[in-house]
Amino acid sequence: MSRVVVVTGAASGIGHATAELFRDAGDAVFALDVAETMPDGVTALRCDVSSKSSVEEAMAAVAAGHDRIDVLANVAGIVQFGHFEHVAEAELDRVLAVDLKGPFLMIQAALPLLRAARGVVVNVSSVAGNVGQPYSAAYSAAKGGLTMLTKALAVELSNAGIRVNALCPGTVDTPLVAGVAENFPADVDARLADRLLSLLPGAAISPHEAAQAIAYLASPAARMVSGAVLAMDGGMS
């Protein structure tokens, strides 16, 4: 039986690759994003995950055709890099709203449908949520919060049979990360910046590789995996 899968951030990067992977497996995929460049063969829904009303509208659209959600992949996120003292309040608010509040709202809104399926939640956090990273204070705070939200909900929702896990990638080869790299501060401490590098050769993770890790965490093969924080960072953490 095909699953009902909801993927946020599906217009590009890891989210796009994840939506494609589940689609190719024969699942009914709802692809959510504020952009419109969705994969073919999915149900595209415009959704701003930082907005409660937008999230609830998207979940109502899913519920209109299905009585369950088998997999919720919270992939939508934005990246922030720069000197701590230069981070504007508006930038802090935006990063926290998308990277932490967004998954919180999505899980809340999806919970009745997740309960019906004894479903799985996979949150895409980051290596920056596991270990100290320089020049990414707001992003690290948001992703650290998402990692702990994952652990808290894995316990709280266990009686409902819902598994909650986090994937924590290092550097991923996406347009978003490339754009950050182009605008990275020039006056960084090279010794500190080395903490952003993978210990393994071939540092950049492809979106498809990350999508495969999400698919594993959502699969029956991982039926006893919950509250896990899967590092995919080449040893950075």
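Residues numbered from 1 in each chain as written. Predicted model: local features only at pLDDT ≥ 70, side-chain atom pairs only at ≥ 80, totals over all residues. Heavy atoms only, no water.

1. Points about the packing of aromatic side chains
Within this structure, the stated rule accounts for one aromatic pair. Between F81 and Y139, the ring centres sit 6.3 Å apart and the planes meet at 45°, which makes this aromatic pair tilted. Pair noted here: F81 is in the loop between β4 (71-74) and α3 (89-117) and Y139 is in helix α4 (residues 137-156), with a separation of 58 residues, a long-range link. Judged by relative accessible area, which is 29%, F81 ranks as partly exposed. By relative accessible area, which is 11% here, Y139 ends up buried. (Phe/Tyr/Trp six-rings, centres within 6.5 Å; stacked < 30°, edge-to-face > 60°. Helix = DSSP H or I, 4+ residues; strand = E, 2+ residues; numbered from the N terminus. Buried < 20%, exposed > 50% of the residue type's maximum accessible area, 1.4 Å probe, protein only.)

2. A few points about the pairing of β4
Alternating positions in β4 separate into two faces, V71 and A73 on one and L72 and N74 on the other, with burial throughout. Two elements, strand β1 (residues 4-8) and β4, share three bridges in a ladder whose sense is parallel. By the bridge assignment, V6 is partnered in β4 with L72. Handedness of the crossover is the feature at issue here: the chain leaves β4, passes through α3, returns alongside strand β5 (residues 120-124), and the resulting connection is right-handed. (Pairing = 2+ DSSP bridges. Right-handed = clockwise from strand over helix to strand, strands pointing away.)

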